[in-house]
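Residues per chain, in single letters:
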Amino acid sequence: MKNKNISHVKILQSKLGMITLQVTQQCNLRCKYCAYSGEYDNRIHSNKRLSFETAKKGIDFLFEHSYNSEQVGVGFYGGEPLLEFELIKKCIEYSEANSEGKELIFSITTNGTLLTKTVVEYLCSHNVSLVISLDGPKNVHDKNRRFAGKDKGSFDIVMKNVEAIKKEFPEYYKKIIFSVVIDPLNDFSCVNEFFTTYDTIKDLHTLPSMINQNYLKHDIKRNNDFSTKYGYEMFKVLLSKLGRLNKSYSSTILENYYFQLKRDMFENRSNNDNRLPEKGHPSGPCVPGGTRLFMDVNGFLYPCERVSESSSVMRIGHIESGFDVKKCFELLNIGKITEEACKNCWAFRFCTSCCAIADNLTGLSAEKKLSHCRSIKFNTELLLKDYCTLSEFGFHFDEKINNIKFGSL
Ligand code: SF4
Ligand code: SF4
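Residues numbered from 1 in each chain as written. Chains lettered and ligands numbered in written order. Predicted model: local features only at pLDDT ≥ 70, side-chain atom pairs only at ≥ 80, totals over all residues. Heavy atoms only, no water.

The name given to the protein chain in an unreviewed UniProt entry is Cys-rich peptide radical SAM maturase CcpM, and the organism recorded there is Ruminiclostridium herbifermentans. Under the Cofactor (unreviewed entry) heading, UniProt states for the protein chain: "[4Fe-4S] cluster". (UniProt positions renumbered as here; feature names shortened; annotations may be inferred.)

Engineer: In this structure, what is going on with the UniProt feature "domain: Radical SAM core" (unreviewed entry) in the protein chain? I would like to understand it.
Structural biologist: The feature "domain: Radical SAM core" (unreviewed entry), as given by UniProt, occupies residues 11–245 in the numbering adopted here. Its end C-alpha atoms 46 Å apart, residues 11–245 is made of 39% helix and 16% strand. (Helix = DSSP H or I, 4+ residues; strand = E, 2+ residues; numbered from the N terminus.)

Engineer: In this structure, what is going on with the nonpolar core? I would like to understand it.
Structural biologist: Looking at soluble globular proteins, one finds that nonpolar side chains tend to be buried together. Core analysis: the largest hydrophobic core is formed by 101 residues, its most contacted members being Leu21, Phe76 and Phe178. The greatest single-element share of this core, amounting to 6 residues, is contributed by helix 3 (residues 85–98). Both domains that furnish three or more residues to this core are identified here as domain 1 (8–218 + 284–317) and domain 2 (336–393). Sequence-distant contacts of Phe178, defined by excluding residues within four places in its chain, comprise Ile132, Leu134, Val162, Phe195, Ile201, Leu204, His205, Thr206 and Leu207. (Core = buried A, V, L, I, M, F, W, Y, C linked by side-chain atoms within 4.5 Å. Buried < 20%, exposed > 50% of the residue type's maximum accessible area, 1.4 Å probe, protein only. Domains from an automatic or database assignment. Contact = heavy atoms within 4.5 Å.)

Engineer: Just to check I follow, could you spell out helix 4 (residues 117–125) for this structure?
Structural biologist: Residue pairs three or four apart in sequence face the same way in an α-helix, which turns once every 3.6 residues. For helix 4, every residue scored as buried is listed here: Val119, Val120, Tyr122 and Leu123. The arc that holds every buried residue of helix 4, seen down its axis, measures 160°, which confines them to one face. Exposed and facing more than 90 degrees away from the buried side of helix 4 are Lys117, Thr118 and Ser125. Considering only its buried residues, helix 4 is in contact with helix 3, strand 3 (103–110), strand 4 (128–133), helix 6 (155–168) and helix 7 (170–173). Looking one or two places after helix 4, you find Asn127, whose phi comes out positive at around 55°. (Arc of directions from axis to C-beta.)

Engineer: What is the right way to look at helix 2 (residues 52–64) in this model?
Structural biologist: The end-to-end C-alpha distance of helix 2, which contains 13 residues, comes to 18 Å, matching closely the 18 Å that a straight helix rising 1.5 Å per residue would cover. Considered for burial, the residues of helix 2 that qualify are Thr54, Ala55, Gly58, Ile59, Phe61, Leu62 and Phe63. (Expected span 1.5 Å × (residues − 1).)

Engineer: Explain the domain arrangement of the protein chain to me, please; I cannot follow it from the model alone.
Structural biologist: Accessible area lost upon the coming together of the parts serves often as the stated size of an interface. In terms of domain boundaries, the protein chain breaks down into domain 1 (8–218 + 284–317) and domain 2 (336–393). Computed over C-alpha atoms only, the centres of domain 1 and domain 2 are separated by 27 Å. Each side of the interface is counted separately: domain 1 has 12 residues, and domain 2 has 14 residues. A combined buried area of about 880 Å² lies between domain 1 and domain 2, and 64% of that area is made up of carbon and sulfur atoms. Linking domain 1 with domain 2 are 0 salt bridges, by the criterion used here. One can count 4 residue pairs in polar contact (both at pLDDT 80 or more) joining domain 1 with domain 2. (Buried area = accessible area lost by both parts, 1.4 Å probe. Salt bridge = Lys/Arg side-chain N within 4 Å of Asp/Glu carboxyl O. Polar contact = N/O pair within 3.5 Å; in protein donor to acceptor, adjacent residues only side chain to side chain.)

Engineer: Hey, could you run me through the side chain of Arg43 in this one?
Structural biologist: Turning to its location among the elements, Arg43 is positioned in the loop between strand 1 (18–22) and helix 2. At 2.7 Å, the side chain of Arg43 forms a polar contact with the side chain of Glu309. Not counting residues within four places of it along the chain, the set of residues in contact with Arg43 comprises Gln22, Thr24, Gln25, Ala35, Tyr36, Gly78, Gly79, Glu309 and Ser310.

Engineer: How should I be thinking about the confidence of the model for the protein chain in this particular structure?
Structural biologist: Close inspection of predicted coordinates is inappropriate for parts of the model with low pLDDT. Here the protein chain shows a mean pLDDT of 90. Residues at 70 or above account for 93%. Long-range and interchain partners of residues 401–409, a stretch whose pLDDT sits below 50, account for 25 contacts in this model, where long-range means more than four residues apart. (pLDDT = per-residue confidence, 0-100.)

Engineer: Please clarify how unusual backbone geometry should be interpreted in this entry.
Structural biologist: A negative phi angle characterises most non-glycine residues, just as the trans form characterises most peptide bonds. The step from Gly78 to Gly79 runs through a cis peptide bond, and the omega angle for that step is 10°. Along the chain, Gly79 falls in the loop between strand 2 (71–77) and helix 3. Positioned with a positive phi, Glu100 is a non-glycine residue whose angle comes to about 45°. Take Glu100: it is sitting in the loop between helix 3 and strand 3.

Engineer: Got a minute to help me understand the environment of Asn246 in this structure?
Structural biologist: Within the secondary structure, Asn246 is located in the loop between helix 9 (226–241) and helix 10 (255–271). Judged by relative accessible area, Asn246 falls into the partly exposed class, the value being 49%. The sequence separation of Asn246 and Lys236 amounts to 10 residues, and the corresponding C-alpha distance is 9.4 Å. Polar side-chain contacts of Asn246 include one of 2.9 Å to the backbone nitrogen of Ser248.

Shown next, in the form of structure tokens:
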């Protein structure tokens, strides 16, 4: 245990690959499913913003803790990060001046409403990876993504900005990634058709995710036919992989499922010895603070931007005092709290549980963690079935198909 602690400390000191800076807690939208909408056990929108002094400390922290990482990244997150465009510029220029030969990448996740020509010109010239939130056609997108204090959705302005990027920065346009939040109350076919056929959108990458259930104070409602339509589109993706359906009829947003399938069932398995190790941990959790880190406007550190900022468990340090190694270790060792159940679980090697699902804001709850096992096993079973089906029909997972980034649904 002691040795493991030492190696974890070494990782924390040397392998950090990315810091995401929360530049503001404010946003010009009030999306219904936003993690800061008040519907989640999380903070709510506020006027707090990151100071340049604290931002510099965050960037220095990244460089100081990454001597074994050749490539490092700085991400900008909010609220809506472009409300703090001047601060973002200063952070980019400070990072560039201090990166000392490391390959430096930048990324921003934005609601897409503030992408003026000046902003895009700057992001493009500094090669900032641009992730824009877009949920589907106007009726779908505007249902959830609405301006603060106005009875108006954001679809029209987002599309106008994307069209302008296409016209004025065509090469940068090709690199746009859309973050698509899927609401199971919407008509999935309608969302799918938009991303698969709409001219300005269809050739760009997407990162789909379902509305986040973690920390949500109520259950998510579903349309009766959501699963049927979703399943049918998934079936078409598999048919297109087998060459039995023209790719143009296959869902671009569900294409990501194939990359997850390939990663979990083929690549991760081929990289490992096929036998179960004597000692192990359910796969899934990251090393908190090990490869990525999220810093809020107050300088508190968290494993990533998806955990609750109201949770004392998830605060793994502060920029002034550094990592709280004991807390990082507790999160890393999340498997310990359900050790007996996990030892006997067939999904052990494919488990996607992480510390966030066990977080009850004051501690890590075994009961809360185990309440997710049913859906983890259900999803694993689906992946296994689809993997076997494709393999039985002669599909070769080792053939290079495409090299896009993937997300998981
Ligand atoms: S744009 Fe993002 S931060 Fe703003 S309300 Fe919507 S989800 Fe929340
Ligand atoms: S599905 Fe549940 S029991 Fe199985 S390995 Fe994951 S956390 Fe443990």
